[in-house]
Amino acid sequence: MLAVLDGKKTKNRPIWLMRQAGRYLPEYRQIRGKADNFIDFCYSPALAAEATLQPIRRFGFDAAILFSDILVVPDALGQKVVFETGEGPRLQPIIATSDIEKLPPLSLDRLAPVFETIGRVRSSLPKETAFLGFCGAPWTVASYMIAGRGTPDQAPARLFAYRNPAGFQLLIDKLVAASIEYLSTQFQAGVDAAQIFDSWAGVLPAGEFERWSLEPIRQIISGVRQRAPAARIIAFPRGAATRYANFCQISGADALGLDTAIDPRWAAAHLAPNIVVQGQLDPLALLAGGTAQASAVDRIMTAYRDRPHVFNLGHGILPETPIDHVATLIKQVRSFEA
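Per chain, residues are indexed from 1 in the order of the written sequence. In keeping with the model being predicted, local features are shown solely for residues with a pLDDT of at least 70 and side-chain atom pairs are shown and tallied solely at 80 or more, while totals for entire chains, interfaces and linings include all residues. Note that the side-chain values use all heavy atoms of the structure and ignore hydrogens as well as water.

## Digging into the overall build of the protein
Line of reasoning, step 1. Numbered from the N terminus, helices here are DSSP runs of H or I no shorter than four residues, and strands are runs of E no shorter than two. Counting its secondary structure elements, the protein contains 16 helices and nine strands.
Line of reasoning, step 2. Radius of gyration here uses only the C-alpha atoms, and the compact-globule reference equals 2.2 Å multiplied by the residue count raised to the power 0.38. Relative to the compact-globule value of 20 Å for 338 residues, the protein shows a C-alpha radius of gyration of 19 Å, a close match.
Line of reasoning, step 3. Expressed along its principal axes, the backbone C-alpha trace of the protein runs to roughly 60 × 45 × 35 Å.
Line of reasoning, step 4. Taking all 338 residues of the protein together, the buried fraction comes to 55%.
Line of reasoning, step 5. Any two residues having at least one pair of non-hydrogen atoms within 4.5 Å are treated as being in contact. For the protein, the proportion of contacts with a sequence separation of at least 24, taken over those separated by at least 6, is 74%.
Line of reasoning, step 6. Averaging the coordinates of the 35 positive side-chain charges in the protein and doing the same for the 32 negative ones gives two points 3 Å apart. Only protein chains enter the accessibility calculation, which uses a 1.4 Å probe; a residue whose area is less than 20% of its type maximum is buried, one above 50% is exposed, and one in between is partly exposed. His is not counted here, nor are the chain ends, while Lys and Arg score as positive and Asp and Glu score as negative. A single reference atom marks each charge: NZ on Lys, CZ on Arg, CG on Asp, CD on Glu.

As structure tokens, then:
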């Protein structure tokens, strides 16, 4: 995994899956009830470490990813986050610039359980398995902070940015600084690499994409590297479409996570040969299994046979995914011969 992130093409391609720890695993469902709510689960080092390690024990993925949530950052900025059963996250919505100005600096004390989780996982992880940390990109995190919840098209945050660009810039700047602090501390605690999730990048028009997605991610990567020069960072601007083409060159990311909408043949033709790509199996193809899964895997593996490639999904694994489909996927990836 780390060799590929360093730009080396390897005979056997590493594989991990977004949301590989979670509800599709029966062992995860057994421990989930030990915490009153999801945010408490994320802040419980013993439980979060166990969740991180479960898919490694079962499947032997080439990387473990820290079990947490992107919304621990606004929570540590003083905007309390709660998860309501069946409803998802809830925050007190940001209405005006004054709400942003009142946000205190990032509390590393509030995030201390996350760093303890990293230490626990690091000491238990097989030496051949890479360890990934992560954070949400400022645009995606800000969209939840403005709306107070997830929305289909992120209209509340987009309208706020159009109507009050100076205020929105202040929020983005605060999130950039917080993300640099958060990721830098994750590296200090023991992760090998990190992914920046911009799950809602694709809803932004071109000019806003550059200002609110690409530039903040570039600033985070630059800031983290000032503290951890060797930090390997994967950027995942989901929905970026043709804007993927120069994302790594501008942002400084070591690897580019691709979503399901991008044709692997387009990516292979339009991304510079030295760009490390990650992705991009449709989670529904994995859910379907069988011929659909096999042909999709073959198409992706074939397209990227001549470049460094980390196999992954184009978004998170679905909770109803059969475990045997995941086991089959790993065999398909590791036995592939171009």
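## Section: the packing of helix α15 (residues 290-303) against helix α16 (residues 323-334)
Line of reasoning, step 1. Working convention: axes come from line fits to C-alpha atoms, limited for helices to the stretch in contact. Angles between N-to-C directions cover 0 to 180 degrees. α16 packs onto α15 with a crossing angle of 35° between their chain directions and a minimal axis gap of 11 Å. Note on packing geometry: the crossing formed by α15 with α16 is right-handed. From α15, Gln 293, Ala 294, Val 297 and Met 301 reach across to α16, where they touch His 325, Thr 328, Leu 329, Gln 332 and Val 333.
Line of reasoning, step 2. Lys, Arg, Asp and Glu make up the charged group, whereas Ala, Val, Leu, Ile, Met, Phe, Trp, Tyr, Cys and Pro make up the nonpolar group; the residues left over, Gly among them, are polar. Of the residues in the contact of α15 with α16, the class split is five nonpolar, four polar and no charged. Handedness of each helix crossing follows the sense of rotation of the near helix against the far helix: counterclockwise by less than a right angle gives left-handed, clockwise gives right-handed.

## Quick word on the nonpolar core
Line of reasoning, step 1. By nonpolar core we mean a set of buried residues, namely Ala, Val, Leu, Ile, Met, Phe, Trp, Tyr and Cys, connected to one another through side-chain atoms within 4.5 Å. If you look at the biggest cluster of nonpolar residues, it comprises 126 residues, and the most contacted ones within it are Phe 168, Tyr 182 and Leu 281.
Line of reasoning, step 2. Per-element tally for this core: the top contributor is helix α10 (residues 165-189), with 10 residues.

## Some points on the packing of aromatic side chains
Line of reasoning, step 1. Working definition: a ring pair exists when centres of Phe, Tyr or Trp rings (six-membered ring for Trp) sit within 6.5 Å. Plane angles under 30 degrees give stacked, over 60 give edge-to-face, the rest tilted. Counting across every chain of the model gives 14 aromatic pairs.
Line of reasoning, step 2. On the numbers, 6.1 Å between centres and 90° between planes, the contact of Phe 197 with Phe 236 is edge-to-face. Here Phe 197 is found in strand β5 (residues 193-198), whereas its partner Phe 236 is found in strand β6 (residues 232-237), with 39 residues between them in sequence. As far as the burial class goes, Phe 197 and Phe 236 line up, both buried.
Line of reasoning, step 3. Measuring from ring centre to ring centre gives 6.0 Å for Phe 209 and Phe 247, while their planes differ by 65°; the resulting arrangement is edge-to-face. Residue Phe 209 is located in helix α11 (residues 206-227), and its partner Phe 247 is located in helix α12 (residues 247-251); the two are separated by 38 residues in the primary sequence. Here Phe 209 matches Phe 247 in class, with each residue buried.
Line of reasoning, step 4. Members of the aromatic cluster, connected to one another through ring pairs, are Tyr 28, Phe 38, Phe 41, Phe 67 and Phe 83.
Line of reasoning, step 5. Note on criteria: charge over ring means Lys NZ or Arg CZ within 6 Å of the ring centre, with the direction from the centre no more than 35 degrees off the ring normal. The residue whose ring lies beneath Arg 243 is Phe 209, and the NZ or CZ to ring-centre distance is 4.2 Å.

## A closer look at the pairing of strand β3 (residues 88-91)
Line of reasoning, step 1. In this sheet, β3 lies alongside strand β2 (residues 81-84) in antiparallel orientation, the contact comprising four bridges. Residue pairing in the sheet places Glu 84 in a bridge with Gly 88 of β3.
Line of reasoning, step 2. Taking the residues that link successive antiparallel strands as the turn, the β2-β3 hairpin has three residues, and the phi of Gly 86 there is positive, at about 80°. Note on pairing: DSSP must find at least two bridges between two strands before they are called paired.

## A closer look at the sheet that holds strand β9 (residues 309-313)
Line of reasoning, step 1. Spatial strand order, β1-β4-β5-β6-β7-β8-β9: seven strands in an open sheet with parallel pairing. The two strands at the open ends of the sheet, each matched to only one other strand, are β1 (63-65) and β9. Along the sheet, successive strands turn relative to each other by an average axial angle of 25°, direction set aside.
Line of reasoning, step 2. Relative to β6, β5 is paired through six bridges, and the arrangement is parallel. Note on β6: the bridge partner recorded for Asp 198 is Pro 237.

## Some words on unusual backbone geometry
Line of reasoning, step 1. The peptide bond linking Gly 279 to Gln 280 adopts the cis configuration, its omega dihedral lying at 0°.
Line of reasoning, step 2. Structurally, the position occupied by Gln 280 is in strand β8 (residues 276-281).
Line of reasoning, step 3. One non-glycine residue with positive phi stands out, namely Arg 19, at about 65°.
Line of reasoning, step 4. If you trace the backbone, Arg 19 turns up in the loop between α1 (2-5) and α2 (26-32).
Line of reasoning, step 5. For Gln 154, which is not glycine, the phi torsion reads 55° and is therefore positive.
Line of reasoning, step 6. Within the element layout of this structure, Gln 154 appears in the loop between α8 (138-147) and α9 (155-163).

## Notes on helix α4 (residues 45-59)
Line of reasoning, step 1. The span you would expect from a helix comes to 1.5 Å times its residue count less one. For α4, spanning 15 residues, the distance from its first C-alpha to its last is 22 Å, which sits close to the expected 21 Å at 1.5 Å a residue.
Line of reasoning, step 2. A bend of about 30° at Leu 53 is the largest found in α4, and the proline Pro 55 appears one to four places after it.
Line of reasoning, step 3. Of all the 15 residues making up α4, 11 are buried; the element is thus mostly covered by neighbouring parts of the structure.
Line of reasoning, step 4. Buried residues of α4: Pro 45, Leu 47, Ala 48, Ala 49, Ala 51, Thr 52, Leu 53, Gln 54, Pro 55, Ile 56 and Phe 59, and no others.
Line of reasoning, step 5. The secondary structure elements touched by the buried residues of α4 are α2, α3 (38-42), β1, α7 (112-124), β4 (130-136) and α16.
Line of reasoning, step 6. Just past α4, the residue Gly 60 takes up positive phi, approximately 70°. In this analysis the local bend is the angle between axes fitted, respectively, to the seven residues ending at and the seven residues starting at the residue.

## Things to note about the pattern of salt bridges
Line of reasoning, step 1. By definition here, a salt bridge exists when the distance from a side-chain nitrogen of Lys or Arg to a carboxyl oxygen of Asp or Glu is within 4 Å. This structure, assessed with the given rule, holds 11 salt bridges.
Line of reasoning, step 2. The salt bridge involving Glu 27 is made with Arg 58; its shortest N-O contact spans 2.9 Å. With Glu 27 in helix α2 and Arg 58 in helix α4, this residue pair connects regions lying 31 residues apart in the sequence.
Line of reasoning, step 3. Given a relative accessible area of 19%, Glu 27 falls into the buried group.
Line of reasoning, step 4. Across the pair Asp 254 and Arg 225 runs a salt bridge, and its minimum N-O distance is 2.6 Å. Of the two residues, Asp 254 sits in the loop between α12 and β7 (255-257) while Arg 225 sits in helix α11, which places them 29 residues apart along the sequence.

Keep in mind that these numbers describe shape and distance, not what the molecule does.
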